[in-house]
Amino acid sequence: MEDNKKHMHNRIYVVYVVFLLFAIAIVAKIVDVMFFERDYLISISKKQSIRVVNVNAIRGNIYSADSCLIATSIPLFTIRMDLHPSVTSNDTFRRYIRPLSDSLARIFPQKSAQAYYNELTAARKKGKRTFLIKKNITYAQLQRIQTFPILKKGQFKGGLIIEEFESRAMPYKELSKRTIGYYNANSKVAVGIEGAYNSDLAGISGQRLMEKIANGVWKPVRNGNESEPENGKDIVTTIDMRVQDVAESALQKCLEENEAEFGCAILMEVSTGEIRAIANLQKTANGYKEQRNIAIGESVEPGSTFKTISMMAILEQGVCDTGMMVPTGIRQIADRRMIDSKREGYGQISLKHAFEVSSNVGISYAAMMSFENKQAAFTDFFYRNKLNEPQNIELKGEGRPYIKNTKDKTWSKKISLPWMSIGYETKMTPLQILTFYNAIANNGCMVKPMFVKEVRRAGDMVEKKEPTVMVKQICSSKTLALMQDLLEGVVQNGTAKSLKKSPYKVAGKTGTAQDGYKEVKQGKQVKMRYRASFAGYFPADDPRYSCMVMVFNPQKGRQYGGEVAAPVFKEIADKVYATLLQMDIETPDAHDSVMQVPYIAAGNDNDFRSIYKYLGVSYSSEDGGMVRQGQDAGNYVAISGNKNIVPNVRGMGARDAVYLLESLGMKVGISGKGKVFQQSILPGTSIVRGQYIQLSLS
């Protein structure tokens, strides 16, 4: 018995010692944590519960010259669902899965309600925490989804997971799409205005300290060290969407009628180089689309539009004049035959008329007469005018021009000069060709094409783009006058007679280039491909705009610039003349006109006094707060001195009309923009305080 007691006591002592050692170990660990590992563990804890996150800036907008929003950022959302049983009870899921599936099928009909039911049920069995419901949904769709069964309970009870991101939208869809472009932050691919001005548009990201609280939710912590994002700047382009619409429509109609592969049209303001419209359309399986910037990137043999540049070089040389007689038709040059579009030719005609009818033989004959013994002088003219250099425009992807000289290994003393003079063995982009024609219209001054007018921040201008002069004078005044006359002659007497009946004068040159002529010369069987083009400006007697149209590989038996490209030019020019030029042309010169008193229908008397004083125009009124113009200009009368009747606010701006009516105790609603043209309660009606009145603006 005594042995058993002793044995039991020993076991108790052992257990006691074990517990004592365990307690000592715990105390030792507590001491270690409190005094030795404290700082380290606190830092680890902070890392797990506090983090710094980037706050993206809102990307700036892109506007057209006529204040249309052409690119902006909109919020889109990806919707996922946490289907783990710990979030939504089995009873709730079974009760509402059918109604949820029906609701999803109604808003996203790409799948049936049964398909949603099957997918959600299968994901529930697997306990999926981030089941994808739909990507790229709008805010309006998100609002509807937040009312659906189960999901309306939110993230922690209904499993709704919302991921928000910013997406770039183009309200005008295909219009100028390639010129507006895009910027891909992941691949760093920069295209168009979006790419060229990415640093301005992107803004500067901010930083925010976030703290993790219950249920895995993060909240912002204000410690004074956070930085707010600096939103991106806005870009105002030179594009006029009214003209852009016409340019794309006219070009598409031309491409469809002629079953062409692709084409482009560009409209440039003469004095500044501002690009008012630029259309690039290419045939796809789904019709003609803006897929690449043909006008900027497609460097090709220009064909007859290059004859204008050659003719200028010929006249500058002084050997030939426009009255000199030249041959036409067919001419053998070394081992090649040069043929006019009219094979039988026109006989011996003046160099002027040879240019008007675009005679290859006549122009090349004059080029050889002028430069045969000094061929370097011919290419020197192009190099002086920087036609061999890229224009270094803002947008990436500019095609490099190719203007070879006598040192080029492909130069042929017998062939290169005559063929270059008519637009072969050389390459330029449509925009580069247009820039030269624009210089002729601009009294010889070549300006760089511009795509952006201003950079703004929150509506305030921070940078204004000014025109850049590339070449001050492309030729002598005498030659320039002759070239302007020659380009008008093409329309009046030559290959662009279809433009002759316009209500304004047009000057320009048609062009028809051939692809495959080299292979034909070598005896190969190839199908000839054509490029039809027209480059010119208008009104010819006071040039305001220049325009270039180029159509690649037209079918239907039409291939010449005068019948394919010139109609597109005319449609664009007609629109510009009707909307942009006519008012300008009909406005009398400021030096010859008498200052007119500005008409302002109605408004605040003090505002009018300030405006008229600034303009130096006499002003009189009955001092009555709100006034409207009387019978005589500059004379204003009080709108109403009676506070008990509804005043006539027609013609007033919204701000003034609302101020006046609310001061009389009325509640005001407005619709539309501009000035008041209609009010729901007639003037002279007795006022009931608190009464509602609706104003329609136009």
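Residues numbered from 1 in each chain as written. Predicted model: local features only at pLDDT ≥ 70, side-chain atom pairs only at ≥ 80, totals over all residues. Heavy atoms only, no water.

**Here's the deal with the overall build of the protein chain**
Rules: Here a strand is any run of E in DSSP of at least two residues, a helix any run of H or I of at least four, and the numbering for each starts at the N terminus. Burial classification: accessible surface area is computed with a 1.4 Å probe over protein chains only, and a residue below 20% of its type maximum counts as buried, one above 50% as exposed, and the rest as partly exposed. Two residues form a contact once any of their heavy atoms are found within 4.5 Å.
Helix and strand counts for the protein chain stand at 23 helices and 33 strands. Looking at the protein chain as a whole, 46% of its 698 residues qualify as buried. Within the protein chain, contacts between residues separated by at least 24 positions form 68% of all contacts whose residues are at least 6 apart in sequence.

**Looking at the pattern of salt bridges**
Worth spelling out the cut-off: What makes a salt bridge here is a side-chain nitrogen of Lys or Arg within 4 Å of a carboxyl oxygen of Asp or Glu, nothing more.
According to the stated counting rule, one finds 24 salt bridges in the structure shown. When the shortest N-O distance is used, the salt bridge between Arg59 and Glu194 registers 3.1 Å. Placement of Arg59 in the loop between strand 1 (50-55) and strand 2 (62-63) and of Glu194 in helix 8 (residues 192-196) is noted, with a sequence separation of 135 residues between them. Taking the relative accessible area as the measure of exposure, Glu194 reaches 2% and is therefore buried. When the shortest N-O distance is used, the salt bridge between Lys404 and Glu425 registers 2.6 Å. Placement of the pair is Lys404 in the loop between strand 18 (402-403) and helix 16 (416-421) and Glu425 in the loop between helix 16 and strand 19 (426-427), with a sequence separation of 21 residues.

**Quick notes on the sheet that holds strand 12 (residues 275-284)**
Threshold: In this scheme, strands are said to pair when DSSP sees at least two bridges between them. Each axis is a line fitted through C-alpha atoms, taken for helices only over the stretch in contact, and angles between the N-to-C directions span 0 to 180 degrees.
Pairing is antiparallel in the open sheet, where 6 strands are placed in the order 13-12-11-26-25-24. Each of the sheet's edge strands pairs with one partner strand only, and the pair in question is strand 13 (287-289) and strand 24 (507-515). Strand-to-strand twist in this sheet, taken as the mean axis angle between neighbours without regard to direction, amounts to 15 degrees. Pairing of strand 11 (residues 262-269) with strand 12 involves 7 bridges; the strand directions are antiparallel. Note that in strand 12 the partner of Phe262 across the bridge is Gln282. Relative to the sheet, helix 18 (residues 477-493) contacts strand 24 and strand 25 (529-538), its axis offset from that of strand 24 by approximately 70 degrees.

**Concerning unusual backbone geometry**
With omega at -20 degrees, the peptide bond leading from Phe538 into Pro539 counts as cis. Relative to the assigned elements, Pro539 resides in the loop between strand 25 and strand 26 (545-552). The backbone of Ile150 sits at a positive phi, close to 70 degrees, despite the residue not being glycine. With respect to the element layout, Ile150 can be found in the loop between helix 5 (139-145) and helix 6 (155-158). Even without being a glycine, Asn553 presents a positive backbone phi close to 55 degrees. Mapped onto the fold, Asn553 is located in the loop between strand 26 and helix 20 (561-564).

**What to know about the packing of aromatic side chains**
Each pair of aromatic rings is reported with the distance of its centres and the angle of its planes. This is how the line gets drawn: Stacked, tilted and edge-to-face are the three classes assigned to paired rings of Phe, Tyr and Trp, where Trp is represented by its six-membered ring and a pair needs centres within 6.5 Å; plane angles under 30 degrees give stacked, over 60 edge-to-face, the rest tilted. Criterion for a charge above a ring: Arg CZ or Lys NZ at most 6 Å from the ring centre, at most 35 degrees from the ring normal.
Applying the stated rule across the entire model yields 11 aromatic pairs. Joined through ring pairs, the aromatic side chains of Tyr504, Phe534, Phe538, Tyr545, Phe569 and Tyr577 make up one cluster. Note that Arg98 overlies the ring of Tyr117, its terminal NZ or CZ placed 3.7 Å from the centroid. The positively charged end of Lys509 is found above the aromatic ring belonging to Phe355, 5.8 Å away from the centroid.

**Details of the environment of Thr130**
Within the secondary structure, Thr130 sits in the loop between helix 4 (113-125) and strand 4 (131-137). Under the relative-accessibility criterion, Thr130 is labelled partly exposed at 49%. Contact partners of Thr130, with chain neighbours within four places excluded, come to Arg80, Met81 and Ile161.

**Things to note about the side chain of Ser358**
The condition that has to hold: Two N or O atoms count as a polar contact when they lie within 3.5 Å, although within protein this holds only if one can serve as hydrogen donor and the other as acceptor, and sequence-adjacent residues are included solely when both atoms are side-chain atoms.
Residue position: Ser358 is located in the loop between helix 13 (351-356) and helix 14 (360-371). Polar side-chain contacts of Ser358 include one of 3.2 Å to the side chain of Ser304.

**Some remarks on a nonpolar patch on the surface**
To keep it simple, the criterion reads: Patches draw on residues past 30% relative accessible area with no salt bridge. Two like charges within 9 Å are joined, as are two nonpolar side chains (Val, Leu, Ile, Met, Phe, Trp, Tyr) within 5 Å. Residue burial considers only the protein chains on display, and all accessible areas are found by Shrake-Rupley using a 1.4 Å probe.
Together, Tyr16, Val17, Leu20, Leu21 and Ile24 line one region of the surface with nonpolar side chains, adding up to about 490 Å² of accessible area. Looking at the element boundaries, Tyr16 is found in helix 1 (residues 2-35).

**Digging into the nonpolar core**
To keep it simple, the criterion reads: Grouping buried Ala, Val, Leu, Ile, Met, Phe, Trp, Tyr and Cys residues that are joined through side-chain atoms within 4.5 Å yields what is termed a nonpolar core.
With 124 residues, the main nonpolar core has Leu267, Phe382, Phe451, Ile474, Phe538, Phe569 and Ile572 as its most contacted residues. No other element matches the 8 residues that helix 17 (residues 430-441) contributes to this core. Leave out the neighbours within four places in its chain, and Phe569 touches Leu499, Val506, Phe534, Gly536, Tyr537, Phe538, Cys547 and Val549. Membership of the second largest hydrophobic core comes to 23 residues, among which are Met81, Ala105, Ile107 and Leu151.

**Things to note about the packing of helix 12 (residues 307-317) against helix 14**
Rule in force here: Throughout, a crossing is termed right-handed when the near helix is turned clockwise from the far one, and left-handed when it is turned anticlockwise from it by less than a right angle. Residues are grouped as follows: Ala, Val, Leu, Ile, Met, Phe, Trp, Tyr, Cys and Pro are nonpolar; Asp, Glu, Lys and Arg are charged; every other residue, Gly included, is polar.
Taken N-terminus to C-terminus, the directions of helix 12 and helix 14 make an angle of 35 degrees; their axes are 10 Å apart at the nearest point. Taken as a pair, helix 12 and helix 14 cross one another with a handedness that is left-handed. Each of Lys307, Met311, Ala313, Ile314 and Gln317 in helix 12 lies in contact with helix 14, whose residues at this interface are Asn360, Ile363, Ala366, Ala367, Ser370 and Phe371. For the contact of helix 12 with helix 14, the per-class residue count stands at 7 nonpolar, 3 polar and 1 charged.

**Some details on the side chain of Glu290**
Under the convention used in this document: In this tally, Asp and Glu contribute negative charge and Lys and Arg positive charge; neither His nor the terminal groups of the chain are included.
Position of Glu290 among the secondary structure elements: in the loop between strand 13 and helix 11 (294-297). Buried Glu290, no salt bridge; nearest opposite-charge side chain is Arg178, N-O distance 6.9 Å. A polar atom in the side chain of Glu290 sits 3.0 Å from the backbone nitrogen of Arg178.

**A look at the pairing of strand 10 (residues 234-237)**
Along strand 10, one buried face is formed by Asp234 and Val236 and the opposite face, lined by Ile235 and Thr237, is buried too. With 2 bridges connecting them, strand 2 and strand 10 associate as parallel partners. Pairing of Ile62 across the sheet is with Ile235, part of strand 10. Two elements, strand 10 and strand 21 (residues 452-457), share 4 bridges in a ladder whose sense is antiparallel. Looking across to strand 21, one finds that Val236 is bridged to Glu454.

**Comments concerning the confidence of the model for the protein chain**
Test applied: Scored between 0 and 100, pLDDT is the confidence that the predictor attaches to each residue.
A residue-level look at the protein chain finds 82% of positions with pLDDT of 70 or above and a mean pLDDT of 85. Low pLDDT, under 50, characterises residues 519-523; the stretch is placed with 6 contacts to residues that sit more than four places away or in other chains. Counting interchain partners and residues more than four positions distant, the pLDDT-below-50 stretch residues 585-595 has 5 contacts.

**Focus on the pairing of strand 24**
On a regular strand, one side chain projects to one face of the sheet and the next to the other, so that they alternate. A large share of strand 24 lies buried, amounting to 7 of its 9 residues. Alignment of strand 24 against strand 25, held across 9 bridges, turns out to be antiparallel. By the bridge assignment for strand 25, Thr510 is matched with Phe534.

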